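So you can see what is in the structure, the chains are spelled out below.
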Amino acid sequence: MIRFDNVSKRYGSGQDALSRVSFDVARGEMLFLTGHSGAGKSTLMKLIMLMERPTQGQVFIDDRNLNRLSRRHIPYFRRKVGVVFQNHQLLFDRTVFDNVALPLQIAGYQASEVGRRVRAALDKVGLLSKERHNPIMLSGGEQQRVGIARAVVNKPPLLLADEPTGNLDPELSADIMNLFEQFNEVGVTVMIASHDLALLKRMNKRVLGLSGGQVAHDGVLP
Ligand code: ADP
Ligand code: ADP
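Remember, predicted model here, so these are calculated numbers, not experimental data.

Colleague: Help me understand the sheet that holds strand β6 (residues 81-84) in this model?
Modeller: The strands making up a sheet are joined through hydrogen bonds of the backbone, oriented either antiparallel or parallel. With mixed pairing, the 6 strands of this open sheet are ordered in space as β6-β7-β8-β3-β9-β10. The open sheet is flanked by β6 and β10 (214-220), the only strands paired with a single partner. Neighbour-to-neighbour, the strand axes of this sheet turn through a mean angle of 20°, independent of strand direction. One ladder, built from 4 bridges, connects strand β3 (residues 30-34) with strand β9 (residues 206-211); its direction is parallel. Each bridged residue has a counterpart across the sheet, and for Thr34 the counterpart in β9 is Gly209.

Listed below in structure tokens is the structure:
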């Protein structure tokens, strides 16, 4: 699902944010990405989302070489990748329903299809009863669930999450991790950036550890 082949990324004149990074993620895998601040986690995710381009090397997503993706195909490609942010980036002047509907409206789905899919996504995260609420009325954990519903409403084969539990207490973090595992169980490939060591150990999944822009660890933590 994801292949990095000798990928380096240098911003401006600075040092390499990533240097010679190679790894593979199989379809249907769930793994974590970790490393100290500045290790290159965000850069790695931005390369997958086509928000940045590698300086060297190649990134393949779902067997597509992103270097060869034409501009015209970028919007279609982006729909394959659901993204969950730490601060969830919800719009507080719209309802929960409208926040989740946004990616579908951008993609041009018909209203009836939007309604069906949004309700299915809200149902999966346990928030169907709050579709008419403004997200500002919801708890932090619920807001994060809305962010997850929005990320999966397109049914992307790949789900990326950048510190999705960064602002949540351990109990809510566990709930959110359960949700990611549920999506993973139905075949979605899931990659989660986190530097919560306790969480990484508890989850007992593959951990890709970055240090100074290089892969310093790849495997389940001891
Ligand atoms: P992490 O997400 O692990 O904190 P980043 O990928 O954000 O790491 O950053 C890796 C390195 O690249 C850091 O040294 C950071 O300062 C640098 N960097 C990140 N984004 C940019 C940018 N847009 N311009 C210049 N340097 C950047
Ligand atoms: P994170 O908390 O994910 O590590 P940062 O706080 O490092 O993110 O960076 C926030 C934003 O600023 C990101 O978009 C990153 O690419 C950008 N950035 C990080 N370092 C630099 C830098 N040295 N120069 C310019 N932009 C940077």
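Colleague: What is the right way to look at the pattern of salt bridges in this model?
Modeller: In a structure, side chains of opposite charge can pair up when their charged atoms sit close to one another. Under the counting rule described, the total for this entry stands at 14 salt bridges. With its nearest N and O atoms 3.8 Å apart, the salt bridge here joins Asp93 to Arg94. Between Arg116 and Glu113 there is a salt bridge; the shortest N-O distance is 3.0 Å. In this pair, Arg116 and Glu113 both sit in helix α4 (residues 111-124), 3 residues apart, roughly one turn of the helix. Owing to a relative accessible area of 52%, Arg116 belongs among the exposed residues under this scheme. If you follow the salt bridges from partner to partner, you end up with Arg27, Asp62, Asp63 and Lys80 in one network.

Colleague: Sorry if this is basic, but what is going on with the site of ligand 1 here?
Modeller: Close to ligand 1 lie Tyr11, Ala17, His36, Ser37, Gly38, Ala39, Gly40, Lys41, Ser42 and Thr43, which account for all nearby residues. Ser42 has a polar side-chain atom sitting 2.6 Å from an oxygen atom of ligand 1. Alone, ligand 1 offers 560 Å² of accessible surface; in the complex the protein occludes 59% of this. When residues of the shell around ligand 1 are assigned to their parent elements, the largest contribution, 3 residues, is made by helix α1 (residues 41-48). Taken together, the residues of the shell around ligand 1 sort by class into 3 nonpolar, 6 polar and 1 charged.

What counts, and where the lines are drawn
Residues numbered from 1 in each chain as written. Chains lettered and ligands numbered in written order. Predicted model: local features only at pLDDT ≥ 70, side-chain atom pairs only at ≥ 80, totals over all residues. Heavy atoms only, no water. Pairing = 2+ DSSP bridges. Helix = DSSP H or I, 4+ residues; strand = E, 2+ residues; numbered from the N terminus. Axes fitted to C-alpha atoms, helices over the stretch in contact; angles between N-to-C directions. Salt bridge = Lys/Arg side-chain N within 4 Å of Asp/Glu carboxyl O. Buried < 20%, exposed > 50% of the residue type's maximum accessible area, 1.4 Å probe, protein only. Near = heavy atom within 4 Å. Polar contact = N/O pair within 3.5 Å; in protein donor to acceptor, adjacent residues only side chain to side chain. Areas by Shrake-Rupley, 256 points an atom, 1.4 Å probe, with all protein chains shown as cover. Nonpolar A, V, L, I, M, F, W, Y, C, P; charged D, E, K, R; others polar.

Honestly, it's all geometry; don't read function into it.
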